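This is what each chain is made of:
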Amino acid sequence: MRISVFGLGYVGCVSAACLAGTGHEVVGVDVNRVKVGLVNDGLAPVVEERIGELTADVVASGALRATVDVREAVLGSEVSLVCVGTPSESNGSLCTTYLERVAEQIGAVLADRDPAGPRHTVVFRSTMLPGTCLNLLVPILEKAAGGTAGVDFGVAVNPEFLREGTSVRDFFDPPKTVIGQLDEASGDTVAALYANLPGEVFRVPVATAEAIKYADNAFHGLKIGFANELGAVCQALGVDSHQVMDVFLADRKLNISPAYLRPGFAFGGSCLPKDLRSLVYAAQRADVSVPILSHVLPSNADHLQRAVDLVGRTGKRRVGLFGLSFKPGTDDLRESPLVELAERLFGKGYDLLIYDANVSLSRLLGANREYIENRLPHLAQLLAESVAEVLDFAEVCLVGTRDPAVLAALPHGDGPVIVDLVRLPDAETRRTEPGYLGLAW
C-alpha cells in the first residue's frame, strides 16, 4: 500500500521505516526540514536499535522518502498514518494542537481528491484520550474535507505498543494489534497494513482503542511503582526483594494472570484488607513511604461508595440486596464489602431487605458471627427467605451475586431498578434498558 506518515518523531520514524520494510511504499511528512533531510539521506532522526540500518536500507530501495508537502503526500497515498505528538499541558491535560492541525491539513487535501478514486483512510496512531477522535478530530476532518467520515473517507485509531530501545523488534513482533474502526472498510485497510505480522488482532470501537493504550501504560506504571514500593519495604525489613519477586512472578494462576483484572465490586474478606493494613503499617514504622500501597484500601472504599451513590441517584428508598458474603458459595461475612454496603445504606435510613442463599443467622459461628453482630446487629430483621420476597419489596435491587436463582428471577424492563455490582451475564442487553445501572461499565 501507499502510506503517508505524519510526524517523524519516535513513533512516526519507526512506523515509517518498519512499514517500508514490510513492502509498503511510504512517505514521511514533517514540518521540520532537518528531519525530512535526514530521512532522505537514509539517516534515522532518532537513536534506536536497528532503526539506522533499516532506514538506510528502505531509503536506498526507494520504499521510504520524506517531504514537507502535505498535499503531495496525501494525494500520493491511500492511507495517512498520523503519529504527531500529544504532549501534556502544564495542568496535565492532553495537548491536541498538533492532531487538530494535521486533521485540518489532511481534510483540506481530501476535499480536492477525485471522488471516483480509491477511498483514503486516515489512521490516528498518536496516543489520545477516549472521545478525542470521534468528538474532536472527525468533525475537523469532515468540515475541511466537505465529506462524511466512514463514507467519503475512512477513519481508524491504531495505537502503538513500541518500547524505546526495542521498538523495531516490537513492531515486527507486537504483543497485539489494536484497530479502532469507524466502519468495517476502515478496519480492513488498517488490518492490511499489518497482514504479515504475528500476534492477535483486536478490531474494536474507536473509543475502546483509544482507552486500551491508557490501560496498558497506567498498568505498566502501577507495576513499576508496586515493585519499587515493595522492594523498599523488603529492604527495610531485611528481606531480599528480588527473591520475593522471583517467587511472586512464578505464580501464573493468580499473580501474573487475568485474575482480579475485571472491573467488578470492591474486594474484601479476611485476608486482603488485613494484610494490606499490616504491610502499610510495617512500612510506616520503618519510615518507608508507600503511596501506592497506602491508597489501595481508600481506593477500594471509594469504589464501594459508588454503589451507595448509584442508589441515591434513583431517589427511591426501598432497597433489596442480593448477596452478603464476601465471596459466592461461602457464608464468610468478615470484611465483606456487601456487609459494608448494607451497613452504609441502613445507616442512611434506607428500608433494606437482603437475600443470600448461603447466609443463615442461626448457622453463623465464632468470628464470623461476632463480626456481623458488631457491623449489622439488626441482620435478623433484614434477611429475606427468598428471591421473590426481595423482588416484591424492592424499588431498587443491588445485585452482588451470580447465584443462578437470582439471575433467573431478575426482571427485564418494568420492575425495580437494577444496580449491577458483578456485571451480569446479560449486562450488554440490559445496558440498553431503562432502569439498569452498571457499577463500572
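Predicted, not measured: the structure shown is a model, and the values here were computed from it. (Residues numbered from 1 in each chain as written. Predicted model: local features only at pLDDT ≥ 70, side-chain atom pairs only at ≥ 80, totals over all residues. Heavy atoms only, no water.)

J.: What should I look at first to understand the environment of V82 in this one?
T.: Its place among the elements puts V82 in strand β4 (residues 79–82). For V82, a relative accessible area of 0% translates into the label buried. Spatially, the C-alpha atoms of V82 and A149 are 16 Å apart, while their sequence positions differ by 67 residues. Residues within four places of V82 in sequence aside, it is in contact with F6, L99, V102, I106, V122, V123, F124, R125 and S126. (Helix = DSSP H or I, 4+ residues; strand = E, 2+ residues; numbered from the N terminus. Buried < 20%, exposed > 50% of the residue type's maximum accessible area, 1.4 Å probe, protein only. Contact = heavy atoms within 4.5 Å.)

J.: Help me out: how do you make sense of helix α1 (residues 10–21) in this one?
T.: A turn of α-helix holds 3.6 residues, and therefore any two residues three or four places apart point the same way. Taking 1.5 Å of rise per residue, the 12 residues of α1 would be expected to cover 16 Å, and the 17 Å separating its terminal C-alpha atoms lies within 8% of that figure. A large share of α1 lies buried, amounting to 11 of its 12 residues. (Expected span 1.5 Å × (residues − 1).)

J.: Sorry if this is basic, but what is going on with the pattern of salt bridges here?
T.: If the charged atoms of two oppositely charged side chains come close together, the side chains can form a pair. Scanning the model with the defined rule gives 16 salt bridges in all. Of the charged contacts, one joins D183 and R119 as a salt bridge, the two residues approaching to 3.0 Å between their closest N and O atoms. One end of the pair, D183, is in the loop between β7 (177–181) and α8 (184–193); the other, R119, is in the loop between α5 (97–110) and β5 (121–124), and 64 residues separate them in sequence. With a relative accessible area of 18%, D183 lands in the buried category. Residues joined in a network through salt bridges with shared partners are E184, D188 and R203. (Salt bridge = Lys/Arg side-chain N within 4 Å of Asp/Glu carboxyl O.)

J.: Help me out: how do you make sense of the state of the cysteines in this one?
T.: By definition, a disulfide links the sulfur atoms of two cysteines through a covalent bond. Tallying each qualifying case throughout the model produces zero disulfides. Take C18: it sits in no disulfide, and the sulfur closest to it among the cysteines is that of C13, at 8.8 Å. (Disulfide = S-S within 2.5 Å.)

J.: Would you mind going over empty space enclosed by the protein with me for this structure?
T.: Empty space left among the atoms is revealed by rolling a probe the size of a water molecule over them. Per the counting criterion, the structure on display carries three cavities of 30 Å³ or more. Here the largest cavity defines a volume of roughly 120 Å³. Listed by contribution, the elements that provide at least two residues to the lining of the largest cavity are α7 (167–172) and β7. When grouped by side-chain class, the residues that make up the lining of the largest cavity number nine nonpolar, two polar and four charged. (1 Å grid on protein atoms, 1.4 Å probe; cavity = no way out; pocket = protein on both sides within 12 Å on 5 of 7 lines; lining within 4 Å. Points joined across faces, edges and corners; volume = space filled by probe spheres on them. Nonpolar A, V, L, I, M, F, W, Y, C, P; charged D, E, K, R; others polar.)

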